[in-house]
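# Secondary and tertiary structure notes
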Amino acid sequence: MLLEDLCSAFGRSTDWYGILSNAYGIREEREGDVNYEIPEVREVLTCTPLSPSLVLITAPAAVGKSAAASYIGNNLHAPILDLSRLQVGDGTLEGALAKSFGIRRYADFSEAMLEGKATLIVDALDEAEVRSGQANFRAFVRGIADTAAQISGDRAAIVILSRAESARTLQELFAERGLQYSHYEIRPFGREQAERYLGRRVTSVFESRGKEPLHLRHEQPYKASRDGLFSVLASAITERTTDIWCDSDVRDFLGYAPVLDVAAEYLAVENFATLERSFSRSRSVSFAHWDMVADVIDQLLLREQGKFVNQYKETESFKRNESGALLPVLYAPEEQCARLLDYVENMRLDLDIPASLPSEMRESYDAAVDTQLANHPFLRGDGWFNVIFRDYVTARAQSSALVSEKSSQAIRKGVLSSSWKHSPMYAFFSHSLGRASEGESSSCHSEDVGSLYESLKSTCEAEDRLFVTVGKAGNRLMATFSIYRGKTAEPVVFLTFHTHEGTTSISFPRELSYANIWNVPEVTIGSDHPSFKFGSNVYISCGDLLLSANEVQTYVGPAENPVLLSSGSLVSDGVKIQADPTDLFVICEDDLPFPWSRYQRRLDVGGLAADARESRYLYLEFRRLVLRFKDAKRGEAAVYKPMMDNLVVGTNKRAQTIMDYLLSMGYVKVSKSMYLLDLAIFAQLGFSRSQLRDLDFTDAAKRVSKEILRYAKK
């Protein structure tokens, strides 16, 4: 039902009682908002067949409880007790009404309310809990229950609006006293409601810019852009492309007023056709315009901070230690994110934040934060409202300077654990939050690379391929991720990260395919997962290779390249390997025990020790690059040049040397955006690409490796 229908269950005054003073938290909404979008409400609890004396209306943050209070007040000619302006306690209800109405009018209103002929609306219950403290808040709630118990009419005479968590205190007390009440929940907007609300918000944006509301004149192009935007945003939550509003999670997000407020900024443009085309292109990617979602979430965090600060600064603890400089750091967005992660995921984080808080305020501050956090808009009960909020919170907490290194490590461990369910948004938010204002590269801790891989892997559809390249660049790493869809020449997703200074160890928790990892000091395979899966086209060259999984499985198709692990040392404890010896090659300077000995290969290229080692590395790069070429037209193999340059070669100096060698010797030529390998000329080397695949180190291979080494020394 609509909120309008629910109003018929309340006592309605024939006229306004009139307040003498608005200084005591009581107000009247005599001017109705003609643009108010009346929301739907859902019955959560009924006391049928008895008549309720009180109605509780709850909703998540920013859904519009105060706007609903104003609408009900205007509809019923009812006064509104706004608790966001008061310190509540025992007797607050009666005192506020008596001082606002005066003795005579207060008596008339009280008599009408007790008979169910007038209604009192109580708004912002959750804010009063932070401002007043638990003891005073409970005393106030007991007073409301005492008043409600005296109501004898056949209609509800008290309406309370609150966030769900703060309402639990009321519900527990009502149950103890056997008080008859009904509970309703304000639902997010449905499609038609959201469209009407959004249209009015777009008008407001145009008018605030001093421009004509063009969407009213160009109705069809505007609707196409609006629907395109809804579709792109919904793709963050569901794979459905039709009837997206039937998905309850989509409705919860798209029907959320703050989301629509930011969407209005995007839609207030002069050319809707251009905007709609950009959304159409975005729908071919798993999720685009995620920066808009990040902006929405950031605004919600700032809104929460403002609401908390406004209430906490009125507490006795703050007034005793008053400092204006302290206000901006209280309940900051980064602090909210860390506390939310600890609250939901139980990560046991170090939460002595903000660090500048005086010790004498810590106890009262933490108590107030605990109260506010339980009512956070990113939560639904004790869990996340949706995965979008979870991933933004995680990425922001990891990138925050406010979070201690110990806490950051705990977060990284949690995200790499077997219990964490990845979504695409984590990688996108991480890239956004770590990116400098100039340039496309972002920054992250090296131990986040595996989580980013898992996040982007969850983006991939059936025919997609995710390529990852990680290489050492000075005292940090550079990692690139790209997703190719079908036979498209350009990636639909391309993200680049540089790790923080001094962080050069990476870990992949579950699986790895199409990976080029070179010159990385330490690589860990498996995390806490019992099994690790290698797909095809994996090349890892590192100092130390650590296997923490109990089982390693390798799946390489007949036309794909095998897995090649080249390391100075390999550490594993009783690992079980499921692989064909032609699909998994291991090169290590140490003699490896069983079962690794079955897959170990030795490359003896002769010569001096230093030259032998370098020749081996160059030959492996030669093999890696040549195997990237796929048969094209007769007599040639081809590879897409930007992919080879950016992903396979990258900043790997040995790989660049090999590519220069292939070009200078005429084995490879450039044609438009492709590298072409002439198979006839390549055959003159004395071995085939299939021999390269099997790692057969023939006499011809030894000769070529020496030739490449001489070329590299020029």
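Residues numbered from 1 in each chain as written. Predicted model: local features only at pLDDT ≥ 70, side-chain atom pairs only at ≥ 80, totals over all residues. Heavy atoms only, no water.

### Considering the overall build of the protein
A tally of regular secondary structure across the protein gives 27 helices and 26 strands. Taken over the C-alpha atoms alone, the protein extends approximately 110 × 60 × 50 Å along its principal axes. Scored against the burial criterion, the 714 residues of the protein give a buried share of 56%. Of the roughly 30300 Å² of accessible surface on the protein, 48% is carried by carbon and sulfur atoms. Of the side chains in the protein, 81 bear a positive and 96 a negative charge, and the two mean positions are spaced by 6 Å. (Helix = DSSP H or I, 4+ residues; strand = E, 2+ residues; numbered from the N terminus. Buried < 20%, exposed > 50% of the residue type's maximum accessible area, 1.4 Å probe, protein only. Areas by Shrake-Rupley, 256 points an atom, 1.4 Å probe, with all protein chains shown as cover. Lys, Arg positive; Asp, Glu negative; His and termini not counted. Charge placed at Lys NZ, Arg CZ, Asp CG, Glu CD.)

### Notes on the packing of aromatic side chains
Under the defined criterion, the tally for this structure stands at 30 aromatic pairs. Residues F467 and Y514 carry aromatic rings whose centres are separated by 5.1 Å and whose planes lie at 55° to one another, so their mutual orientation is tilted. Note that F467 is positioned in strand β11 (residues 464-473) and Y514 in the loop between β15 (511-512) and β16 (515-525), a separation of 47 residues in sequence. On the basis of relative accessible area, Y514 is assigned to the buried category, the value being 11%. (Phe/Tyr/Trp six-rings, centres within 6.5 Å; stacked < 30°, edge-to-face > 60°.)

### Quick notes on the sheet that holds strand β26 (residues 674-678)
Spatially, 4 strands are ordered β23-β24-β26-β25 in an open sheet, and the strand pairing comes out antiparallel. In this open sheet, the two edge strands, each paired with only one partner strand, are β23 (630-631) and β25 (668-671). Across 5 bridges, the pairing between strand β24 (residues 636-640) and β26 is antiparallel. Looking at the pairing, A638 lines up with L676 of β26. Here helix α23 (residues 641-649) sits on the sheet and contacts β24, β25 and β26; the angle it forms with β24, its principal contact strand, is near 60°. Running over the sheet, helix α24 (residues 653-664) touches β25 and β26 and is turned about 85° from β25. (Pairing = 2+ DSSP bridges. Contact = heavy atoms within 4.5 Å. Axes fitted to C-alpha atoms, helices over the stretch in contact; angles between N-to-C directions.)

### Some remarks on the confidence of the model for the protein
Low-pLDDT portions of the prediction should not be read for the details of their coordinates. Scored by pLDDT, the protein comes out at a mean of 87, with 96% of its residues at no less than 70. Summarising per-element confidence for the protein, the mean pLDDT is lowest in helix α13 (residues 272-282) (76) and highest in strand β14 (residues 505-508) (96). (pLDDT = per-residue confidence, 0-100.)

### Some thoughts on the pattern of salt bridges
This model, assessed by the stated rule, comprises 39 salt bridges. When the shortest N-O distance is used, the salt bridge between R191 and E195 registers 2.9 Å. One end of the pair, R191, and the other, E195, are both in helix α8 (residues 191-208), 4 residues apart, so they sit about a helical turn from each other. By relative accessible area, R191 is classed as partly exposed at 41%. Close ionic contact of E314 with K319 constitutes a salt bridge, the shortest N to O distance being 3.7 Å. Classification of E314 as partly exposed rests on a relative accessible area of 23%. Accessibility expressed as a relative area gives 42% for K319, which makes it partly exposed. (Salt bridge = Lys/Arg side-chain N within 4 Å of Asp/Glu carboxyl O.)

### Here we look at the pairing of strand β19 (residues 551-554)
Across the two faces of β19 the burial is the same, with E551 and Q553 and V552 and T554 all buried. Here strand β17 (residues 531-534) pairs with β19 via 4 bridges, running parallel. What sits directly across from F534, in β19, is T554. As paired strands, β19 and strand β21 (residues 576-578) are joined by 3 bridges and run parallel to one another. Its bridge partner being in β21, Q553 is matched across the sheet by Q578.

### Section: helix α4 (residues 103-114)
Its 12 residues give α4 an end-to-end C-alpha distance of 16 Å, which sits within 8% of 16 Å, the value for a rise of 1.5 Å per residue. Those residues of α4 that are buried are in contact with α3 (92-101), β5 (120-123), α6 (134-149) and β6 (158-162). Count one or two residues on from α4 and you reach G116, which has phi positive near 75°. (Expected span 1.5 Å × (residues − 1).)

### With respect to the nonpolar core
Within the largest apolar cluster, 150 residues are counted, with the highest numbers of intra-cluster contacts made by L3, I72, F429, F481, L512, F534 and I540. It is helix α14 (residues 290-312) that provides the largest number of residues to this core, a total of 11 residues. When residues no more than four places from it in sequence are discounted, the contact partners of I72 are L3, C7, F10, I57, I121 and V159. Among the nonpolar cores identified, the runner-up in size contains 36 residues, and L625, V648, Y661 and A701 belong to it. (Core = buried A, V, L, I, M, F, W, Y, C linked by side-chain atoms within 4.5 Å.)

### Remarks on helix α16 (residues 333-345)
For α16, which comprises 13 residues, the first-to-last C-alpha distance of 18 Å matches the rise-based estimate of 18 Å (1.5 Å per residue) to within 8%. Regarding α16, the residues found buried are P333, E335, Q336, C337, A338, R339, L340, L341 and D342. In the core, the buried residues of α16 are packed alongside α14, α17 (362-374), β8 (379-380), β9 (383-384), α18 (387-399) and α19 (405-415). A positive backbone phi angle near 55° is found at N346, which sits one or two residues after α16.

### Considering the packing of α8 against helix α12 (residues 257-267)
The interhelical angle for the contact between α8 and α12, taken along N-to-C directions, is 50°, at an axis separation of 8 Å. Taken together, the axes of α8 and α12 lie oblique to each other. Considering how the two elements wind past one another, α8 and α12 form a crossing that is right-handed. On α12, the residues that touch A194, Y197, L198, R201, V202 and V205 of α8 are A257, L260, D261, A263, A264, E265 and L267. Partitioning the contact of α8 with α12 into residue classes produces 10 nonpolar, no polar and 3 charged. (Parallel < 35°, antiparallel > 145°, perpendicular 65-115°, else oblique. Left-handed = near helix turned anticlockwise from the far one by under 90°. Nonpolar A, V, L, I, M, F, W, Y, C, P; charged D, E, K, R; others polar.)

### Description of the packing of helix α5 (residues 125-132) against helix α7 (residues 164-177)
At a closest axis distance of 8 Å, the pairing of α5 and α7 adopts a crossing angle of 85°. Taken as axis vectors, α5 and α7 run roughly perpendicular relative to one another. Taken together, the residues of α7 that come into contact with α5 (itself represented by L125, D126 and E129) are S166, T169 and L170. Counted by class, the contact of α5 with α7 contains 2 nonpolar, 2 polar and 2 charged residues.

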